[in-house]
Amino acid sequence: MSQVQALMKTLKRELKARGVTYAEIARQLDLSESSIKRIFTGGPLSVDRLESLCGIAGLDFSELVRKAAEARRGIATLSEEQEREIAADPHLLLMAVCVLNRWTIEQILETYELSETESIQLLARLDRLKLIELLPLNRYRLIVAKEFHWLPNGPIQQLFQKEVQPEFLASSFSGPGEKLVFRTGMLSRTANAELMKKMDRLLQQFDELHDADSELALDERYGSSLLVALRPWELQYFSRLRRGNREKVFPE
């Protein structure tokens, strides 16, 4: 990502956190809404126009540069203790998932049976956990790194394996927008590594589509979960029938 793209992405995030729409920006700058959209998708941008956009976002240029740098340095994981706090409180976990999906406080209150006071308290806890930065008017800015992930075998992943995964897989996966495919075969280490790279690219595409659709209205999006898994594995029943009961299926 170029420095200009990073600045514009940060500026877009700041404007959204303050509830400023493309229509409002267009009105203040006396431009068409389509012109504003072009500016934010790589169209021509002068220094004067950038300063005007910063003013609408309530920032000066130096603040924008600082926030863009901070966004690049966002944390990639929480500590085990931080994850444990989130996993132990269903309301806090719900709020964490909502902010990671960039819901506004208004959308959260419209969708879930949480009071405004409780929601603000939950956001304050996520601010303390360094997932977000609280802003005026109950807005927030997500400050985790783009590659943020839960700890491998950490409290959130353990909760997922115990409660979420069985519920997720309890489906025929035959409805609209659903698909489950299971493949088994014999692969070399090289083939395994190549598939791992392709999985990483698929996950990156998921993240990019998630970011692109974050501008859509809430009723145009729906919760989507993607489970991608690959490991050297053999059904335990088969492993027990191996001569010498050799259970390793991926030689050292």
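Conventions and cut-offs
Residues numbered from 1 in each chain as written. Predicted model: local features only at pLDDT ≥ 70, side-chain atom pairs only at ≥ 80, totals over all residues. Heavy atoms only, no water. Phe/Tyr/Trp six-rings, centres within 6.5 Å; stacked < 30°, edge-to-face > 60°. Helix = DSSP H or I, 4+ residues; strand = E, 2+ residues; numbered from the N terminus. Buried < 20%, exposed > 50% of the residue type's maximum accessible area, 1.4 Å probe, protein only. UniProt positions renumbered as here; feature names shortened; annotations may be inferred. Axes fitted to C-alpha atoms, helices over the stretch in contact; angles between N-to-C directions. Parallel < 35°, antiparallel > 145°, perpendicular 65-115°, else oblique. Left-handed = near helix turned anticlockwise from the far one by under 90°. Contact = heavy atoms within 4.5 Å. Core = buried A, V, L, I, M, F, W, Y, C linked by side-chain atoms within 4.5 Å. Pairing = 2+ DSSP bridges. Salt bridge = Lys/Arg side-chain N within 4 Å of Asp/Glu carboxyl O. Nonpolar A, V, L, I, M, F, W, Y, C, P; charged D, E, K, R; others polar.

- Per an unreviewed UniProt entry, the protein chain goes by Helix-turn-helix transcriptional regulator and derives from Microbulbifer harenosus.

### Some words on the packing of aromatic side chains
Turning to step 1, where the next piece is worked out: The tally for this structure, following the rule as stated, stands at five aromatic pairs.
Turning to step 2, where the next piece is worked out: Ring geometry for Y22 and F40: centres 5.7 Å apart, planes at 40°, overall tilted. Within this pair, whereas Y22 is found in helix α2 (residues 22–29), its partner F40 is found in helix α3 (residues 33–40), the two being separated by 18 residues in sequence.
Turning to step 3, where the next piece is worked out: Residue classification places Y22 among the buried positions, given a relative accessible area of 18%.
Turning to step 4, where the next piece is worked out: Relative to W150, the ring of F148 lies with its centre 5.2 Å away and its plane at 75°, an arrangement referred to as edge-to-face.
Turning to step 5, where the next piece is worked out: Given a relative accessible area of 15%, F148 falls into the buried group.

### Some details on the UniProt feature "domain: HTH cro/C1-type" (unreviewed entry) in the protein chain
Turning to step 1, where the next piece is worked out: Within this numbering scheme, the UniProt entry marks residues 11–64 as carrying the feature "domain: HTH cro/C1-type" (unreviewed entry).
Turning to step 2, where the next piece is worked out: Along residues 11–64 the backbone is 69% helical and 0% strand, and the end-to-end C-alpha distance reaches 7 Å.

### Digging into the packing of α2 against helix α4 (residues 47–56)
Turning to step 1, where the next piece is worked out: Across the interface, α2 lies against α4 with an axial gap of 11 Å and an inter-helix angle of 120°. It follows that α2 is oblique to α4 by the angle criterion. The two elements α2 and α4 meet at a crossing, and its hand is right-handed. Where α2 abuts α4, its residues I25, Q28 and L29 lie against R49, S52, L53 and I56.

### A short note on the nonpolar core
Turning to step 1, where the next piece is worked out: If you look at the biggest cluster of nonpolar residues, it comprises 23 residues, and the most contacted ones within it are I86, M95, V99, L123, L126, L131 and I132.
Turning to step 2, where the next piece is worked out: Sorting the residues of this core by element identifies α7 (90–100), α8 (105–111), α9 (116–128) and β2 (139–142) as the ones contributing at least two each.
Turning to step 3, where the next piece is worked out: Looking at this core element by element, the count peaks at six residues for α7.
Turning to step 4, where the next piece is worked out: If near-sequence neighbours (up to four positions away) are discounted, L126 is found in contact with L92, M95, A96, V99, L131 and I132.
Turning to step 5, where the next piece is worked out: Counting 20 residues, the second largest nonpolar core, distinct from the first, contains L11, A26, I39 and I56.

### Quick notes on unusual backbone geometry
Turning to step 1, where the next piece is worked out: Backbone geometry at R102 places phi at a positive 65°, although glycine is not the residue there.
Turning to step 2, where the next piece is worked out: Note on placement: R102 falls in the loop between α7 and α8.
Turning to step 3, where the next piece is worked out: Overall, the relative accessible area of 27% leaves R102 in the partly exposed class.
Turning to step 4, where the next piece is worked out: Of note in this structure, F173 is not a glycine but carries a positive phi near 55°.
Turning to step 5, where the next piece is worked out: You can see F173 is positioned in the loop between α10 (155–169) and α11 (189–213).

### Observations regarding the pairing of β2
Turning to step 1, where the next piece is worked out: In β2, alternate side chains face the same way, and those of R139 and R141 on one face and Y140 and L142 on the other are all buried.
Turning to step 2, where the next piece is worked out: Judged from the four bridges that link them, strand β1 (residues 132–135) and β2 form a sheet pairing that is antiparallel. Considered in β2, the bridge of E133 is made with R141.
Turning to step 3, where the next piece is worked out: Between the end of β1 and the start of β2, which pair antiparallel, lie three residues, with L137 showing a positive phi angle near 60°.

### Thoughts on the pattern of salt bridges
Turning to step 1, where the next piece is worked out: Taken as a whole and assessed by the stated rule, the structure comprises eleven salt bridges.
Turning to step 2, where the next piece is worked out: Residue E14 pairs with R141 through a salt bridge whose shortest N-O separation is 3.2 Å. Here E14, found in helix α1 (residues 3–17), pairs with R141, found in strand β2; they are 127 residues apart in sequence, far enough to count as distant.
Turning to step 3, where the next piece is worked out: In this structure E14 comes out as buried when scored by relative accessible area, which is 0%.
Turning to step 4, where the next piece is worked out: Here D211 and R102 are joined by a salt bridge, their closest N and O atoms 3.1 Å apart.

### Let's talk about the packing of α2 against α3
The axes of two packed helices give the description: the angle between them and the distance between them.
Turning to step 1, where the next piece is worked out: Interaxial distance between α2 and α3 falls to 8 Å at its minimum, and their mutual angle equals 105°. When the axes of α2 and α3 are compared, the pair comes out roughly perpendicular. Side by side, α2 and α3 meet where Y22, A23, I25, A26 and L29 of the first sit next to E33, I36, K37 and F40 of the second.
Turning to step 2, where the next piece is worked out: Taken together, the residues of the contact of α2 with α3 sort by class into seven nonpolar, no polar and two charged.

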